[in-house]
Amino acid sequence: MQTRDIEFNSCGDTIRGTLYLPDGVKNPPLVVMAGGWCYVREIVMPYYADDFVEIGCACLTFDYRRFGDSDGLPRQHINPWDQIEDYRNAVSFAKTLDEVDTDLIGVWGISYSGGHAICVAALDSRVKFAMSVVPVVDGFPTMRRCHGERKFAAIQKLILEDREARQRGEPSRMIPMATTDPDNEISSWPFPHVCTIFQDIKEREAPNHIHENTLESVELLMQYDVMPYARRLYETPYMMAIAKGDNITSSDLEIDVFNAVPCPNKELAIVEGVDHMSLYSNNEHLEKVSGAQAKWLQALLFGQDALLAQAAE
């Protein structure tokens, strides 16, 4: 496998990333990959990229604007539609690459970006396949379930106060992505193990990860719903992998979105014995999902009945 650093423009900001190329494969298909809430490209994505490269695909991972090595202000502000635009600009950049098959570009996402992958595939016909892992698909019920009645009321109050402060010209307040003391500190994802797992990832392999975000990011999350876009996937092959009983992004919401995808060429993998965060902390659990997705992608792109062969003609 060969890797090289890349950069491209997205709405005036420079986005930086990594291109992975399989050895000995001429013009491989390309998977464009980005991460979830407060992710940088060193989090989880290299593991999936390894599996995709092993079956003969190239991968392009990148940091969204305002995160990691990429430019953009305000830092740590998560606007899902800006991130979806970053994905689409990554596809535009990928179309300029001589090393890959520019007619076989797909998207992959995990958690928040798992929902983004659905939106990008629905909006952009250059995307020939899409994959999601434990996707966030509807922000309002996700936040309501994660926080519970009391904490949800508290964060809604803070969001409205923050909106009034922004109207006065003040920046959005910063809050932790997660905290080890959710009873006494408001955070975006109020689970102690989310905090400890991400801090461990930061120390081990992702020093660019910063464990905080703007409060406005949570407000924007509550307006996020991918269901209308899932209903537009008439022809784009789609694969969703979820953790059975996921209590963070909610497997029932994920399954509802999967069922709404009208494309008959779709697959749902419900992985036993894993949960949302064990896909970050346990490599055996991660391999269950990455292996299932690589198997699906291999059959789609290289199998005898690969429906995408026509796209390369």
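Structure's up top.
Residues numbered from 1 in each chain as written. Predicted model: local features only at pLDDT ≥ 70, side-chain atom pairs only at ≥ 80, totals over all residues. Heavy atoms only, no water.

Undergrad: Is there a simple way to explain the sheet that holds strand β10 (residues 266-271) in this structure?
TA: The strands making up a sheet associate through hydrogen bonds between their backbones, and the pairing can be parallel or antiparallel. One open sheet holds the 8 strands; their spatial order is β1-β2-β4-β3-β5-β6-β9-β10, and the pairing between them is mixed. Edge positions in the sheet fall to β1 (2-10) and β10, since each has one partner strand and no second. Averaged over all neighbouring strand pairs, the angle between strand axes comes to 20°, with direction disregarded. Relative to strand β2 (residues 13-21), β1 runs antiparallel, the two sharing 9 bridges. Bridge assignment links T3 to a residue of β2, and that residue is Y20. Packing of helix α2 (residues 80-94) onto the sheet brings it into contact with β1, β2, β3 (30-34), β4 (58-62), β5 (105-110) and β6 (127-133), and relative to β1 it is tilted by some 120°. Lying on the sheet, helix α3 (residues 112-123) is in contact with β3, β5, β6 and β9 (238-243); it crosses β5 at an angle near 150°. (Pairing = 2+ DSSP bridges. Helix = DSSP H or I, 4+ residues; strand = E, 2+ residues; numbered from the N terminus. Axes fitted to C-alpha atoms, helices over the stretch in contact; angles between N-to-C directions. Contact = heavy atoms within 4.5 Å.)

Undergrad: Honestly, the packing of aromatic side chains in this entry has me stumped. Any pointers?
TA: The geometry of an aromatic ring pair is captured by the separation of the ring centres together with the interplanar angle, meaning the angle of the planes. Across all of its chains, the model carries 16 aromatic pairs by this definition. Judged by centre distance (5.6 Å) and plane angle (90°), the rings of F62 and Y64 are edge-to-face. Each member of the pair, F62 as well as Y64, is classed as buried. Each ring, one from Y238 and one from F258, has its centre 6.5 Å from the other, and the planes form 35°; the classification is tilted. (Phe/Tyr/Trp six-rings, centres within 6.5 Å; stacked < 30°, edge-to-face > 60°. Buried < 20%, exposed > 50% of the residue type's maximum accessible area, 1.4 Å probe, protein only.)

Undergrad: Is there a simple way to explain the pairing of β9 in this structure?
TA: When a strand is regular, its side chains alternate between the sheet's two faces. The buried count for β9 comes to 6 of 6 residues, which makes it a mostly enclosed element. The sheet contact formed by β9 and β10 spans 6 bridges and is parallel. Bridging across to β10, A241 finds its partner in A269.

Undergrad: Hey, could you run me through the packing of α2 against α3 in this one?
TA: The description of two helices packed together rests on the angle between their axes and the distance between the axes. Where α2 meets α3, the closest approach of the two axes is 9 Å, and the angle between their N-to-C directions is 60°. With respect to each other, α2 and α3 are oriented oblique. With respect to the hand of their crossing, α2 and α3 are arranged in right-handed fashion. Listed contacts from α3 to P80, W81, Q83, I84, Y87 and R88 of α2 are Y112, S113, H116, C119, V120 and L123. A class-by-class count of the residues in the contact of α2 with α3 yields 8 nonpolar, 3 polar and 1 charged. (Parallel < 35°, antiparallel > 145°, perpendicular 65-115°, else oblique. Left-handed = near helix turned anticlockwise from the far one by under 90°. Nonpolar A, V, L, I, M, F, W, Y, C, P; charged D, E, K, R; others polar.)

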